[in-house]
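Here is what each chain is made of, one letter per residue.
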Amino acid sequence: MQLSSDGQTWQNWAGNQSATVKEVQRPASLAEVASVVARTAESGERLRVAGSGHSFTPLVTTSGTLMDLSRLPAEVSVDSTTSTARVSGQMRLSEVGPALWERGFALANQGDVDVQTLAGALATGTKGSGPRHGTMSSRVRGMGLITGTGEHHEITGRDQRLLHAAQVSLGLLGVVTHVDLSVVPRYRLREDNAVMSVDELLDVWEGAKDAYHHFSFWWMPTSSSSEIYGLPPVPADHAYVKMLTAEPAGDGAEVAGGSGARSGPAYLIYPDTELGDPFYELEYVVDAGDDKETFLELRELMRHGFPQEATPLQVRWQARDEAYLSPQYRRDAVSLSVSGMPGTDYVPFLRAVDRRLRDRSARPHWGKLHFLDRDRVEELYPALDDFRAVRRSLDPRNVFLNKHLSDLLV
Ligand SMILES: Cc1cc2nc3c(=O)[nH]c(=O)nc-3n(C[C@H](O)[C@H](O)[C@H](O)COP(=O)(O)OP(=O)(O)OC[C@H]3O[C@@H](n4cnc5c(N)ncnc54)[C@H](O)[C@@H]3O)c2cc1C
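Owing to the predicted nature of the structure, the values given are computational and were not obtained by experimental measurement. (Residues numbered from 1 in each chain as written. Predicted model: local features only at pLDDT ≥ 70, side-chain atom pairs only at ≥ 80, totals over all residues. Heavy atoms only, no water.)

Turning next to the sheet that holds strand 1 (residues 2-3). Across the sheet, which stays open at both edges, the three strands sit in the order 1-2-3 with antiparallel pairing between neighbours. Each edge of the open sheet carries a strand with a single partner, namely strand 1 and strand 3 (18-20). Across two bridges, the pairing between strand 1 and strand 2 (residues 9-11) is antiparallel. Bridge pairing in strand 2 places L3 opposite W10. (Pairing = 2+ DSSP bridges. Helix = DSSP H or I, 4+ residues; strand = E, 2+ residues; numbered from the N terminus.)

Let us look at the environment of D79. Structurally, the position occupied by D79 is in strand 7 (residues 76-79). In this structure D79 comes out as partly exposed when scored by relative accessible area, which is 36%. Taking the C-alpha atoms as reference points, D79 and R103, 24 residues apart in sequence, are found 10.0 Å from one another. (Buried < 20%, exposed > 50% of the residue type's maximum accessible area, 1.4 Å probe, protein only.)

This part is about the domain arrangement of the protein. For the protein, the assigned domains are domain 1 (76-185) and domain 2 (187-370). Measuring from the centre of the C-alpha atoms in domain 1 to the corresponding centre in domain 2 gives 23 Å. Of the residues lining the interface, 34 residues belong to domain 1; the matching set on domain 2 comes to 39 residues. Roughly 3100 Å² is buried in total at the junction of domain 1 and domain 2, and carbon and sulfur atoms are behind 58% of that figure. Viewed at the interface, domain 2 and domain 1 are joined by three salt bridges. The salt bridge involving K242 is made with D112; its shortest N-O contact spans 3.3 Å. Run the count over domain 1 and domain 2 and you get 17 residue pairs in polar contact (both at pLDDT 80 or more). Among the secondary structure elements, those contributing two or more residues to the side of domain 1 that touches domain 2 are helix 2 (93-102), helix 4 (160-167) and strand 13 (184-185). Residue contributions to the side of domain 1 that touches domain 2 peak at five residues, all from helix 4. Of the residues contributing to the side of domain 1 that touches domain 2, the split by class is 13 nonpolar, 16 polar and five charged. (Domains from an automatic or database assignment. Contact = heavy atoms within 4.5 Å. Buried area = accessible area lost by both parts, 1.4 Å probe. Salt bridge = Lys/Arg side-chain N within 4 Å of Asp/Glu carboxyl O. Polar contact = N/O pair within 3.5 Å; in protein donor to acceptor, adjacent residues only side chain to side chain. Nonpolar A, V, L, I, M, F, W, Y, C, P; charged D, E, K, R; others polar.)

In the vicinity of the ligand there are 35 residues, among which V49, H54, S55, G120 and R316 approach most closely. Residue R48 places a side-chain N or O atom 2.9 Å away from an oxygen atom belonging to the ligand. Within the backbone of D112, one N or O atom sits 2.8 Å away from an oxygen atom of the ligand. A total of 980 Å² of accessible area belongs to the ligand in isolation, and the protein chains cover 98% of it. Secondary-structure elements contributing two or more residues to the shell around the ligand are strand 5 (47-50), helix 3 (118-123) and strand 12 (175-182). (Near = heavy atom within 4 Å. Areas by Shrake-Rupley, 256 points an atom, 1.4 Å probe, with all protein chains shown as cover.)

Here it is in structure tokens:
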């Protein structure tokens, strides 16, 4: 969590969201978490939990209490008969990976960085790529919560309504203390990268996206675009393609090879973009059946409408899931992301992307910039009322609301 020296001003990693808070609470036990929440509820105040601050949207902002869970004990255990791991919500993905590996297990899929907390990543539906893989949230089988009344609540698969609300919750249902995740036997990944022209990419597209454990690419509008995400040089109008193949775990936990072709424990291979200078990212999710068309449409928009925008256009795939607020809710999906650069007038570009994708019923990544209002949210999320009902039952005094979420969802 990033706090100013006076300890009262929170800021996210990208620096585009900040909040001056009334107080910061750092509970060291679940009992303390519960008593802070109960006190907040009684006083009619608000509370938000901070993850590692890697969302670009005002999810964590509050003028009330900010809760930092980093003093809670970090615990991981695996029930190998059901391949279910119980993991403390505040642990970073970079800690979860090695802890599961030591126990013979791994996350089924991950995104491009591992700095997020587990609960923070799940709250926004964080995902990697591969049409066979759902989001990380789709692997949630249960969850421990301190709800808005300060009570401990255990969500399990026995109540699918609660589970589907909790899988992507935007931190609205309570403080996530632990998560039960469906995990897989540990595996290594071999990473192969290639630079392709758009014609080459379109030729391999259909076969490749199904052939690999993970297939994704960044299309570069200019020859300096790849620098923005710390990727190797790529000529303009070419794509940097990432192909990951799953291999048996073996004994070693080392990474072999270097940039272009490396192999190692999956949790060390997924994260591959360097956290260099901040950027402001937007990511929308559309029907997987529209993947090529949508990519080509955005490429045209960037080349002809916004030639000054250098941001890479990233394309990834995910399988459908049942989480009420998931962008992949009941829809096999492709996600497309672009960024605006700090200090530039990037908003017209991001708005144009939003307008272009609107007709495709694009749902946003909740942690990345978007232009949705309440009407669009109502239109795009058929199970929104189910989510709302669960939220009201677990947080009757609206302890976990902030203005952004209240305007958008409640
Ligand atoms: C450089 C970069 C790369 C990224 N790469 C990817 C990617 O590959 N794939 C992808 O899908 N996304 C990606 N993201 C987005 C990122 O995964 C999400 O925004 C994620 O939610 C951030 O997690 P966090 O721990 O920083 O949570 P925060 O941003 O701090 O918080 C997110 C939400 O979680 C809530 N929360 C956090 N902890 C708890 C808790 N214990 N209990 C209750 N609520 C809680 C917060 O209140 C908030 O609502 C990336 C972001 C950046 C900046």
